[in-house]
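Chain and residue survey
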Amino acid sequence: MEFEAVIGLEIHAQLRTESKLFCGCSTRFGSEPNTQVCPVCLGMPGVLPVLNRRAVEYALKMALATGCRVNTNSRFARKNYFYPDLPKGYQISQYELPLAEKGEVLIEVEGRRKRVGITRIHLEEDAGKLVHGEGADSRYSFVDLNRAGVPLIEIVTEPDIRSPDEAVATLKALRDILLYLEICDCNMEEGSLRCDANVSVRPTGETTFGTKTEVKNMNSFRFLRNALEYEIKRQIEVIEEGGKVVQETRLWDPSRGVTVSMRGKEEAHDYRYFPEPDLLPVPVEEGWLEEIKGGLPELPAEKAERFVREYGLPPYDAGVLTASKHLALFFEECVRLYPKPKVVSNWIMSEVLKELNRENKDIKDSSLTPDLLASLLKLIDEGVISGKIGKTVFEEVYRTGKDPRKVVEEKGLVQIADRDALKGIVEEVLKTHPAQVEQYRKGKEGLIGFFVGQVMKKTQGRANPKVVNELLREALS
Amino acid sequence: MGITREEVRHVAFLARLELTPEEEELYSEQLARIIDYMEKLKELDTTGIGPTTHPIPTPNPYREDKVQPSIPQEEALRNAPDKERGFFKVPRIIGEG
């Protein structure tokens with residue numbers, strides 16, 4: 001029997017506010033434990049939460065960017081459970097009447113476009129961080145409440161996703177939007193972007209849903225893909241063996257490559273939500289919403305379309321270049337200085353991204369500027385250096401941020417296009433390879449490439465290939 | 001409307017309360033009375049009246065996104081029964097909430 005997977009994602013994104021959602025403590029990452037806490041986020045008796053306006057603004061940006069309907073009077077609710085990282089014994093979240101509902105995000109997998117619905121986006125506070133003891137401390141956990149109260153948005157998608165590839169594409173699309181809006185760092189290792197998935201399978205063609213499991217602990221795109229692939233296969237096997245999928249939460253264990261049941265925790269899911277009595281409904285006036293809407297930047301999908309239209313780039317290039325706002329900006333600035341979009345795109349997608357990916361860096365954190373890349377490309381066009389040497393020069397420019405012209409001078413990489421200078425070398429090459437010369441003259445013309453290669457070797461790649469070709473043909477005829 | 005002993009035990013577990021059999025008995029009666037009272041409230045005709053979680057229509061006060069000083073670490077940990085290297089120290093927890 002053929003099966004299809006049905007997947008919905010729950011994504012938590014930490015908002016990049018300066019202070020926490022309900023108090024003035026800093027949200028900075030990596031500080032000494034329990035130094036960014038106060039009576040409010042420690043859950044001391046008698047304190048009252050006061051809502052951070054910017055957190056609401058950021059959540060609204062995401063809501064508008066994903067075409068959600070905004071509730072102009074959303075409510076906060078208490079989600080009750082006991083856990084040491086939750087000082088109050090409840091998390092302030094939203095349940096009925098979330099901030100925003102019914103949006104969508106566009107994804108593209110293997111050239112096919114698809115809309116993934118967004119069920120809701122709501123605001124909530126983050127919990128603290130638990131560090132589990134090791135060795136002599138293995139009977140203890142250690143609690144740091146610096147993160148407790150940091151604003152999060154939870155984005156819940158519709159069960160519209162049908163494969164791990166689509167799930168990864170959905171998370172990437174949402175991450176790109178969050179980054180464009182500059183409302184979340186989206187650092188999955190540090191946990192500022194987290195993703196859980198609801199997964200079920202059903203025979204292809206079936207319209208009702210199978211029993212789902214919730215998969216957690218996938219803190220990278222690779223883990224998301226691997227965990228979903230595993231979980232889908234596991235569920236299909238259970239059904240094929242005549243068993244039933246149990247509704248439960250499962251943790252992805254990356255070291256073993258499996259999902260593991262967290263049985264026995266079902267009762268903990270009785271959260272007994274009720275309206276938060278300490279907070280009033282969240283008013284969103286029409287004017288504020290309009291102001292936010294007007295300030296939204298061009299989003300990745302729109303930008304990619306424009307790149308295809310305006311610069312005549314293939315959709316693939318446009319997708320790669322617009323995945324990062326800064327990369328897109330870099331491209332456009334480069335094209336302004338050196339108006340050959342496809343050439344610029346090729347260089348960015350090969351050389352520039354190769355270096356950036358190797359260092360796991362964003363273009364804005366590198367010493368490469370549009371100006372430097374544009375001057376390098378001009379040097380190639382002017383024939384000062386060959387395209388091949390250009391790559392060597394690029395590596396140096398990328399590493400040092402030096403002017404390409406200087407690098408070329410310092411390293412003596414200027415292309416030799418002077419006929420007289422090359423003539424001697426060409427003659428020398430032919431003299432040292434008499435056998436090949438004879439074969440060539442007998443009709444084996446493909447050997448021209450061999451001779452060019454020899455000249456290049458002798459000139460460390462600096463010879464102008466066109467001139468070398470001409471000289472060789474003259475000498476051999 | 002009755003509340004079973006099983007329901008009392010469930011609610012007690014969620015609240016992390018340990019009850020004696022006598023208390024379970026007592027609370028099942030008391031909780032039943034509270035629920036009965038809610039049933040009585042349901043008799044009111046509330047057609048056309050929205051959920052009134054907050055009876056007074058005051059605008060929600062917002063706070064500007066400004067960092068205020070936090071309290072010192074020693075102060076934050078002062079009430080903790082156990083602590084170590086700036087952390088609250090608790091019995092090991094595995095799993096999730």
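Predicted model, so just to flag it, every value in this text is computed and none were measured.

1. Remarks on the overall build of chain B
- A tally of helices and strands in chain B yields three helices and three strands.
- Counting from the amino terminus, chain B carries its helices and strands in the arrangement α-α-β-α-β-β.
- Radius of gyration (C-alpha) of chain B: 22 Å, far over the 13 Å computed for a compact globule of 97 residues.
- With the C-alpha coordinates aligned to their principal axes, the bounding extent of chain B is approximately 55 × 45 × 25 Å.
- Buried positions account for 22% of the 97 residues belonging to chain B.
- Within chain B, residue pairs in contact and separated by at least 24 positions form 30% of the contacts whose partners lie at least 6 positions apart.
- Per element, the accessible surface of chain B, about 7,500 Å² overall, is 60% carbon and sulfur.

2. Points about the overall build of chain A
- Scanning chain A from N- to C-terminus turns up 15 helices and 17 strands.
- Here chain A has a C-alpha radius of gyration of 30 Å; the compact-globule value for 477 residues is 23 Å, and the former is much larger.
- The dimensions of chain A, computed from C-alpha atoms along their principal axes, are 95 × 55 × 55 Å.
- A buried classification covers 52% of the 477 residues belonging to chain A.
- Long-range pairs, those at least 24 residues apart, make up 69% of the contacts in chain A between residues at least 6 apart in sequence.
- Surface exposure of chain A reaches about 22,500 Å², of which carbon and sulfur atoms provide 50%.
- Each charge class in chain A can be summarised by its mean position, and for the 68 positive and 75 negative side chains these summaries are 4 Å apart.

3. Points about the pattern of salt bridges
Residues and elements named next belong to chain A.
- Enumeration according to the criterion identifies 50 salt bridges over all chains in this entry.
- Taking the shortest distance from any N to any O, the salt bridge between D278 and R78 comes out at 3.3 Å. Note that D278 is positioned in the loop between β16 (274–275) and β17 (282–283) and R78 in strand β5 (residues 77–80), a separation of 200 residues in sequence.
- Classification of D278 as partly exposed rests on a relative accessible area of 30%.
- A salt bridge links K361 to E359, with the nearest nitrogen and oxygen atoms 3.8 Å apart.
- Looking at E359, the relative accessible area reads 39%, which means it is partly exposed.

4. Section: the interface of chain B and chain A
- On the chain A side, the residues contacting the 40 residues of chain B number 61 residues.
- When chain B packs against chain A, the two sides together hide about 4,400 Å² of surface, and 58% of this comes from carbon and sulfur.
- Counting across the interface, chain B meets chain A through two salt bridges.
- The salt bridge partner of D137 of chain A is R85 of chain B, with a shortest N-O separation of 3.8 Å.
- Among the elements of the structure, α1 (5–14), β1 (62–63), α3 (73–77) and β3 (87–91) of chain B are those that each provide at least two residues to the side of chain B that touches chain A.
- With five residues, the top contributor of residues to the side of chain B that touches chain A is β3 of chain B.
- Among the residues making up the side of chain B that touches chain A, the classes are represented as 18 nonpolar, twelve polar and ten charged.
- Where strand β10 (residues 140–144) of chain A lies against β3 of chain B, four bridges are found, and the strand directions are antiparallel. Within β3 of chain B, the position partnered with Y140 of chain A by the bridge is P91 of chain B.

5. Quick word on the packing of helix α12 (residues 419–432) of chain A against helix α14 (residues 448–458) of chain A
Residue and element names in this part refer to chain A.
- Packing of α12 against α14 leaves a shortest axis separation of 10 Å and a crossing angle of 120°. Judged by the angle between their axes, α12 and α14 are oblique. Regarding α12 and α14, the two cross each other, and that crossing is right-handed. Along the contact surface, α12 presents I425, V426, E428, V429 and L430, while α14 presents F451, Q454, V455 and K458.
- Classifying every residue of the contact of α12 with α14 gives six nonpolar, one polar and two charged.

6. Looking at the sheet that holds β10 of chain A
- Here we have four strands laid out as an open sheet, ordered β9(A)-β10(A)-β3(B)-β2(B), and antiparallel in their pairing. Two strands in the sheet have a free side with no partner beyond their single neighbour: β9 (129–132) of chain A together with β2 (83–84) of chain B.

7. Description of the nonpolar core
Residues and elements named next belong to chain A.
- Formed by 128 residues in total, the largest nonpolar core has its most connected members in L9, M62, I153 and L373.
- Look past the residues within four positions of L9 in its chain and what remains in contact with it is I155, V156, T157, I161, A167, T170, L171, C195, D196, A197 and L224.
- Residues I416, L422, V455 and V467 belong to the second largest nonpolar core, which totals 20 residues.

8. Topic: the domain arrangement of chain A
Residue and element names in this part refer to chain A.
- With domains assigned, chain A is organised as domain 1 (3–291), domain 2 (298–410) and domain 3 (419–476).
- Computed from C-alpha atoms alone, the centre-to-centre distance between domain 1 and domain 2 is 36 Å.
- Between domain 1 and domain 2, the residue contacts involve seven residues of the former and eleven residues of the latter.
- Sorting the residues of domain 1 by area buried against domain 2 places D176, Y180 and E182 first, and these three jointly supply 68% of that buried surface.
- At the boundary of domain 1 with domain 2, the tally comes to two salt bridges.
- Linking K325 and E182 is a salt bridge whose minimum nitrogen-to-oxygen distance equals 3.7 Å.
- At the junction of domain 1 with domain 2, the criterion picks out two residue pairs in polar contact (both at pLDDT 80 or more).
- Grouping the constituent residues of the side of domain 1 that touches domain 2 by class yields four nonpolar, no polar and three charged.

9. So, the sheet that holds strand β11 (residues 151–157) of chain A
All names here are of chain A.
- Here nine strands make up an open sheet; going across it, the order is β3-β7-β8-β11-β1-β12-β13-β14-β15 and the pairing mixed. Two strands close off the open sheet at either side, each with one partner strand: β3 (69–70) and β15 (258–261).
- With three bridges joining them, strand β12 (residues 193–203) and strand β13 (residues 213–216) adopt antiparallel strand pairing. What sits directly across from V199, in β13, is T213.
- Of the strands in this sheet, β3, β7 (100–109), β8 (112–125) and β11 touch helix α1 (residues 53–65), which is tilted by about 165° from β8.
- Of the strands in this sheet, β1 (3–14), β7, β8, β11 and β12 are in contact with helix α2 (residues 164–181), which crosses β7 at around 115°.

What counts and how
Residues numbered from 1 in each chain as written. Chains lettered and ligands numbered in written order. Predicted model: local features only at pLDDT ≥ 70, side-chain atom pairs only at ≥ 80, totals over all residues. Heavy atoms only, no water. Helix = DSSP H or I, 4+ residues; strand = E, 2+ residues; numbered from the N terminus. Rg over C-alpha atoms; globule rule 2.2 N^0.38 Å. Buried < 20%, exposed > 50% of the residue type's maximum accessible area, 1.4 Å probe, protein only. Contact = heavy atoms within 4.5 Å. Areas by Shrake-Rupley, 256 points an atom, 1.4 Å probe, with all protein chains shown as cover. Lys, Arg positive; Asp, Glu negative; His and termini not counted. Charge placed at Lys NZ, Arg CZ, Asp CG, Glu CD. Salt bridge = Lys/Arg side-chain N within 4 Å of Asp/Glu carboxyl O. Buried area = accessible area lost by both parts, 1.4 Å probe. Nonpolar A, V, L, I, M, F, W, Y, C, P; charged D, E, K, R; others polar. Pairing = 2+ DSSP bridges. Axes fitted to C-alpha atoms, helices over the stretch in contact; angles between N-to-C directions. Parallel < 35°, antiparallel > 145°, perpendicular 65-115°, else oblique. Left-handed = near helix turned anticlockwise from the far one by under 90°. Core = buried A, V, L, I, M, F, W, Y, C linked by side-chain atoms within 4.5 Å. Domains from an automatic or database assignment. Polar contact = N/O pair within 3.5 Å; in protein donor to acceptor, adjacent residues only side chain to side chain.

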